[in-house]
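One letter stands for each residue in the lines below.
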Amino acid sequence: MTFGSPQINLYTDDVARLRAFYASLGFHETFRHPATGTVRHVEMTLDGFTLGIADADAARADHGLTPDLGGHRVELVLTSTDTDADVARLTAAGAPALSAPHDWLGRLRVAWIADPDGNPIQLVQTKAVAPAAPTAAAPTQGAPTAPTTPPNDTDDLALPQSPLPADYYTAGGTPTFDAVAERIHRRAAMADGNEVLDSESDRGRHETDDVAALKRAGQDRLAQLRRSMGFKP
């Protein structure tokens, strides 16, 4: 067996009063009985939900029911865009306040009021959640990055690792003529120092010619670079 079209009926001793109250909440009347004269039953809808309001005396006379108007075992739940403002408006109009607006579960703003018969109505507002602070994006793997320090070597010579001024390099990291020249002069100076230190040793005496040849090679390299760059020797 399949059921459908559920609704809630509220029994009351004043149908007109409850009808007016729920109309103020945005409910629209879709059915009433009788069509003229004193209303005994109405049905009202809001956002696809149907609420019935039935006269207690009529329920006793027509159906043999004995509605207990003293107990409240059901409550109506309505969503709200501003719980605090809605509670202020409804209580100012005379609706009893059952629970003041308060936060719940960290994301809801809830409150309770009552209709003129004392039936509880819960108002629920979903609060906006602040977006998480953006985090720095991780660098794309394999993406080229600009050099953070100038290169240390100009060619295949194992030159001393010493920092040079930034203007010794072009924007693309290519060494300028001054950078190359300074590296060659540094290498020649090291050769001179090694020659002095080792001049008295047997190995130093045998390597004197090699050091001199290295110096001449450096000077020739410097002269070649100058010529290729348009400088006079």
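Up top is the structure.
In what follows, the accompanying structure is described. (Residues numbered from 1 in each chain as written. Predicted model: local features only at pLDDT ≥ 70, side-chain atom pairs only at ≥ 80, totals over all residues. Heavy atoms only, no water.)

### Overview of the sheet that holds strand 1 (residues 7-12)
As a reminder, the rule being used: Whether two strands pair comes down to DSSP finding at least two bridges between them. Think of it this way: any DSSP run of H or I at least four residues long counts as a helix, any run of E at least two long counts as a strand, and we number them from the N terminus. Only C-alpha atoms enter the line fits that serve as axes; for helices the fit covers just the stretch in contact. Angles between N-to-C directions range over 0 to 180 degrees. Throughout, a contact is declared for two residues whenever any of their heavy atoms are within 4.5 Å.
Here we have four strands laid out as an open sheet, ordered 1-4-3-2, and mixed in their pairing. Edge strands, defined here as strands with exactly one partner in the open sheet, are strand 1 and strand 2 (28-33). Shown here is a sheet whose adjacent strand axes are inclined to one another by a mean of 20°, direction ignored. Where strand 3 (residues 41-46) and strand 4 (residues 49-55) come together, six bridges link them in antiparallel fashion. Within strand 4, the residue paired with T45 across the bridge is T50. The strands touched by helix 1 (residues 15-24) are strand 1, strand 2, strand 3 and strand 4; relative to strand 4, the strand with the most contacts, the crossing angle is about 160°. Along the sheet face, helix 2 (residues 56-63) touches strand 1 and strand 4 and points at about 80° away from the line of strand 4.

### Focus: the pattern of salt bridges
Here is the rule we go by: Any Lys or Arg side-chain nitrogen located within 4 Å of an Asp or Glu carboxyl oxygen qualifies as a salt bridge. When a residue's accessible area, from a 1.4 Å probe over protein chains only, is under 20% of the maximum for its type it is buried; when over 50% it is exposed; and in between it is partly exposed.
One pass over the full model with this rule turns up ten salt bridges. R109 serves as the salt-bridge partner of D84, at 2.9 Å between the closest nitrogen and oxygen. Residue D84 is found in helix 3 (residues 83-92), and its partner R109 is found in strand 7 (residues 108-114); the two are separated by 25 residues along the sequence. For R109, a relative accessible area of 19% translates into the label buried. Beyond isolated ion pairs, a larger network of salt bridges with shared partners links D84, D103, R109 and K127.

### A closer look at the environment of F31
For F31, the location among the structural elements is in strand 2. Given a relative accessible area of 40%, F31 falls into the partly exposed group. Distance from F31 to G52, taken between C-alpha atoms, is 9.1 Å for residues 21 residues apart in sequence. Among all residues touching F31, those that are not within four sequence positions of it are H41, V42 and E43.

### Observations concerning the pairing of strand 5 (residues 76-79)
Of the two faces of strand 5, only the one carrying L76 and L78 is buried; V77 and T79 on the other face are not. By the bridge criterion, four bridges tie strand 5 to strand 8 (residues 120-126) in an arrangement that is parallel. By the bridge assignment, L76 is partnered in strand 8 with I121.

### Some thoughts on the pairing of strand 6 (residues 97-104)
Alignment of strand 6 against strand 7, held across five bridges, turns out to be antiparallel. Looking across to strand 7, one finds that D103 is bridged to R109. Joining the antiparallel neighbours strand 6 and strand 7 is a turn of three residues, in which L105 adopts a positive phi near 60°.

### Looking at the sheet that holds strand 5
Sheet architecture is open: four strands sit in the order 5-8-7-6, paired in mixed fashion. Each having just a single partner strand, strand 5 and strand 6 make up the two edges of the open sheet. Recorded for the sheet is a direction-independent mean angle of 15° between the axes of neighbouring strands. On the sheet, helix 3 packs against strand 6, strand 7 and strand 8 and is oriented at approximately 10° with respect to strand 7.

### Looking at helix 3
Convention followed: Regarding the arc, it is the one traced by the directions from the helix axis to the C-beta atoms.
Of all the residues in helix 3, the buried ones are T83, V87 and L90. Seen from one end, helix 3 has its buried residues packed into an arc of 75°, which puts them on one side. Along its buried surface, helix 3 packs onto strand 6, strand 7 and strand 8. Positive backbone phi, approximately 115°, marks G94, located one or two places after helix 3.

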